[in-house]
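# Summary of structural features
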Amino acid sequence: MTLDLHHAHPWDVTPKEAVQIQRDLAPLVREEPLAFDAVRTVAGLDVSVRDDRVRAAIVVLDVREMAVVDQAIWEGPTPFPYVPGLLSFREVPAILPALEQLGALPDVLMLDAQGYAHPRRFGLACHLGVLLERPAFGVAKSILVGKHGPLAEKKGSGTELIHNDETVGMAVRTRENVKPVYVSVGHRVTLRDACLLTVRLATKYKLPMPTHLAHRLSYRGEL
DNA sequence: GCGACAG
DNA sequence: ATCTTGTCGC
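Residues numbered from 1 in each chain as written. Chains lettered and ligands numbered in written order. Predicted model: local features only at pLDDT ≥ 70, side-chain atom pairs only at ≥ 80, totals over all residues. Heavy atoms only, no water.

Looking at an unreviewed UniProt entry, one finds chain A named Endonuclease V and attributed to Rubricoccus marinus. Per its UniProt entry, chain A bears the Cofactor (unreviewed entry) comment "Mg(2+)". UniProt's Subcellular location (unreviewed entry) comment on chain A is quoted here verbatim: "Cytoplasm". (UniProt positions renumbered as here; feature names shortened; annotations may be inferred.)

We now examine the UniProt feature "site: Interaction with target DNA" (unreviewed entry) in chain A. Per the UniProt record, "site: Interaction with target DNA" (unreviewed entry) is annotated on Tyr-82. Inspection of the secondary structure puts Tyr-82 in the loop between strand E3 (67–77) and helix H2 (88–99). Look past the residues within four positions of Tyr-82 in its chain and what remains in contact with it is Leu-87 and Arg-90. (Helix = DSSP H or I, 4+ residues; strand = E, 2+ residues; numbered from the N terminus. Contact = heavy atoms within 4.5 Å.)

What follows covers the protein's contact with DNA strand C. By nearness alone, every residue bordering DNA strand C is listed as Ser-48, Val-49, Asp-112, Lys-141, His-215 and Tyr-219. Those atoms of DNA strand C that come within 4 Å of the protein belong to sugar or phosphate at a rate of 100%. Val-49 places a polar main-chain atom, nitrogen or oxygen, 3.4 Å from a sugar or linking oxygen of DNA strand C. A distance of 3.0 Å separates a phosphate oxygen of DNA strand C from a polar side-chain atom of His-215. Elements that contribute at least two residues to the surface near DNA strand C include exactly strand E1 (41–50) and helix H5 (209–220). Tallied by class, the residues present in the surface near DNA strand C amount to 2 nonpolar, 2 polar and 2 charged. (Near = heavy atom within 4 Å. Polar contact = N/O pair within 3.5 Å; in protein donor to acceptor, adjacent residues only side chain to side chain. Nonpolar A, V, L, I, M, F, W, Y, C, P; charged D, E, K, R; others polar.)

Bringing the packing of aromatic side chains into the picture now. Counted by the stated rule, this structure contains 2 aromatic pairs. Ring centres of Phe-80 and Phe-89 lie 5.8 Å apart, and the angle between their planes is 40°; this geometry places the pair in the tilted category. Residues Phe-80 and Phe-89 agree in their burial class; the two are buried. (Phe/Tyr/Trp six-rings, centres within 6.5 Å; stacked < 30°, edge-to-face > 60°. Buried < 20%, exposed > 50% of the residue type's maximum accessible area, 1.4 Å probe, protein only.)

What follows concerns the sheet that holds strand E7 (residues 166–172). Across the sheet, 8 strands lie side by side as E3-E2-E1-E4-E5-E8-E7-E6; this open sheet has mixed pairing. Unpaired on one side and paired on the other, E3 and strand E6 (158–163) mark the two borders of the sheet. Averaged over all neighbouring strand pairs, the angle between strand axes comes to 25°, with direction disregarded. Across the sheet, H2 touches E1, strand E2 (53–62), E3 and strand E4 (108–111), and the angle it forms with E2 is around 50°. (Pairing = 2+ DSSP bridges. Axes fitted to C-alpha atoms, helices over the stretch in contact; angles between N-to-C directions.)

The subject of this paragraph is H2. Along H2, 11 of the 12 residues are buried, which leaves the element largely enclosed by surrounding structure. Looking at the buried side of H2, the elements it contacts are helix H1 (15–25), E1, E2, E3, E4 and helix H3 (124–132).

For the rest of this paragraph, the subject is the protein's contact with DNA strand B. Looking at DNA strand B, there are 19 residues lining it, with Tyr-82, Gly-85, Leu-87, Lys-141 and Ser-142 nearest. Each atom of DNA strand B within 4 Å of the protein was classed as base or backbone; sugar and phosphate made up 49%. Backbone polar atom of Gly-85 to a base nitrogen of DNA strand B: 2.9 Å apart, as the coordinates give it. In the model, a phosphate oxygen of DNA strand B is placed 2.8 Å from a nitrogen or oxygen of the Lys-141 main chain. When grouped by side-chain class, the residues that make up the surface near DNA strand B number 10 nonpolar, 5 polar and 4 charged.

Below, the structure is given as structure tokens:
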């Protein structure tokens, strides 16, 4: 499958150029309701790093059957160092070729990273969503920016993640008595819908199944 | 100037 | 992210 990228730009850039690209693309992020009735597949995407190589993995789940219907792996040289706030430039170059291996583009993309909860409101989930003009959101294991108050221990509980007096995401409890995950909008979804999907797909582990499986595939090389 | 800092 | 055994608790 050939990907048609919207607003394509170079990836071999300096940190300063990367920041400018984020500022240019950030205004393109749109938050809109997800048409749940049309959501059949949700893909979990994750990237692992070993030595000087990065490995992107994608696991596509049919949310009605909760079954894996497609998967892909792409490995290559690490293109960019890890710089807080510029994760996209390290992971997207590996994610794109992995996406091309899929039979079709998933209805929704779930990233193991931040989306709107980013210093320039353009985390990895926003970046990929805008490039593909596809619904996307992030489910991170820790906070990049923002703070939040306490939240109930029950599964499904949540509290707003605030940064500079703006709600940028939500701390969501996916499992009782387990540290929360941080959900934020990527593109073409509302924060509420992203949280609903996150909780609904977290059936067995702290991380929702798409992301959990993608992490496993990326790290182990197999499901 | 001193911390914080997705993965 | 990655290096890694056992151990505490529901």
